[in-house]
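Residue-level listing of the chains:
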Amino acid sequence: LSGISLSAVISLVIYSGRLSYDYLLLGQVAEKQARLTLAQQWYRLGLSQRPDHTISSYLQFRIGLLHRKLGQNEAAQLAFSKVVTKYTDRPEVVATAQRFLRALEQAPPDAPRHLIPGVETHTEFKAAYCVPNSVSLILRYWDVPLSAKHIGARITAIDFGTTLTDAFWYIQRQGLRHWLVPLAQIGDVKAWLNDRVPVLIYIPRHVLAVFGYDEALNSLVAYDVAQADIWVDHPVSDFLPQWKEELATVSVILPSAQAAQL
């Protein structure tokens, strides 16, 4: 079972009672470990169980996105086209698949997908609060090993969330530099990512960590705890209006040494 124990599989099956959904969960686990080929295998097994279209639409979409992540553009186009023409019961998934399909058809074959190496394997915790999860991901990237639970216990209020002031205070207490940059542009975000600096981006009532971009899909690659799969390609055309509502604000967190270099 390629590194995932049989007992883990059985426990998942007993938990949900639906093989297609269990395979979806296993695929998500593999994606969080950056084991993309294994994730594809689980998603295909999920589709082979003939699930209802709400699940099959999502499984097929993840297969298409994994093909793109692996540089298999023709296979990605075929997978996305199946979402658009066959697995159509989830309109939001169909709309994103259609946008990605159109983007791949128009993009040059060598359009890059740029990711900061290693970040995708750092998933540790997911809960309702977004700031502790996103800040923890970036702090651990800079070798400050503080968990989301640890951070949330200190700066997040129940039924209220986390204020930017508390987040700034906490980051500075760890000895890191922090900048809040309003009126940023997508080009600015890509420049930081090219320098291997992940950023926090603010949209109404939410924050997410951005650690990559895809020129072919015209997307930002983010760690977004508001999404089921956490690692999300947000189409820029969908993302921009929400970002502008928060004055296109970006948060940059750096250790002192990296701050001096940049």
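A.B. asks: Kindly report on empty space enclosed by the protein, identifying the contributing residues and their values.
C.D. replies: As enumerated under the stated definition, the model contains one cavity of 30 Å³ or more in all. Looking at the largest cavity, its volume works out to about 50 Å³. Around the largest cavity, the lining residues are Val131, Val135, Leu164, Ala167, Phe168, Ile171, His178, Leu200, Tyr202 and Ser251. Taken together, the elements giving at least two residues each to the lining of the largest cavity come down to helix 7 (130–141), helix 9 (164–173) and strand 3 (199–203). Among the elements that line the lining of the largest cavity, the one with the most residues is helix 9, at four residues.

A.B. asks: Account for the layout of surface pockets, naming residues and giving values.
C.D. replies: Counted as a void, the largest pocket has a volume near 620 Å³. Of all elements in the fold, only helix 2 (19–32), helix 4 (53–69), helix 6 (91–106), strand 4 (206–214), strand 6 (231–235) and helix 11 (236–245) reach the threshold of two or more residues within the lining of the largest pocket. Here the residues of the lining of the largest pocket sort into 15 nonpolar, seven polar and seven charged.

A.B. asks: Help me get a handle on the nonpolar core, residues and values and all.
C.D. replies: As a rule of thumb, nonpolar side chains are buried together in soluble globular proteins. Counting residues in hydrophobic clusters, the biggest one holds 51 residues, and the most contacted among them are Leu139, Val189, Ile201, Val210, Leu220 and Trp243. Take this core: its biggest share by element is seven residues, from helix 7. Discounting residues that sit within four places of it in the chain, Val210 has contacts with Val189, Leu193, Pro198, Val199, Ile201, Leu220, Val221 and Ala222.

A.B. asks: Tell me what's going on with the packing of aromatic side chains, and back it up with residues and numbers.
C.D. replies: For the structure on display, the rule yields nine aromatic pairs. With a centroid separation of 5.1 Å and 50 degrees between ring planes, the pair formed by Tyr223 and Trp231 is classed as tilted. The rings of Phe61, Phe80 and Phe100 are connected pair by pair, giving a single aromatic cluster.

A.B. asks: Any details on helix 3 (residues 36–48)? Residues and values, ideally.
C.D. replies: For helix 3, built from 13 residues, the straight-helix expectation of 18 Å at 1.5 Å per residue is met to within 8% by its first-to-last C-alpha distance of 19 Å. Taken residue by residue, helix 3 has Leu36, Leu38, Ala39, Gln40, Trp42, Tyr43, Gly46 and Leu47 as its buried positions. Downstream of helix 3 by one or two residues, Arg50 has phi in the positive range, about 55 degrees.

The rules we used
- Residues numbered from 1 in each chain as written.
- Predicted model: local features only at pLDDT ≥ 70, side-chain atom pairs only at ≥ 80, totals over all residues.
- Heavy atoms only, no water.
- 1 Å grid on protein atoms, 1.4 Å probe; cavity = no way out; pocket = protein on both sides within 12 Å on 5 of 7 lines; lining within 4 Å.
- Points joined across faces, edges and corners; volume = space filled by probe spheres on them.
- Helix = DSSP H or I, 4+ residues; strand = E, 2+ residues; numbered from the N terminus.
- Nonpolar A, V, L, I, M, F, W, Y, C, P; charged D, E, K, R; others polar.
- Core = buried A, V, L, I, M, F, W, Y, C linked by side-chain atoms within 4.5 Å.
- Buried < 20%, exposed > 50% of the residue type's maximum accessible area, 1.4 Å probe, protein only.
- Contact = heavy atoms within 4.5 Å.
- Phe/Tyr/Trp six-rings, centres within 6.5 Å; stacked < 30°, edge-to-face > 60°.
- Expected span 1.5 Å × (residues − 1).

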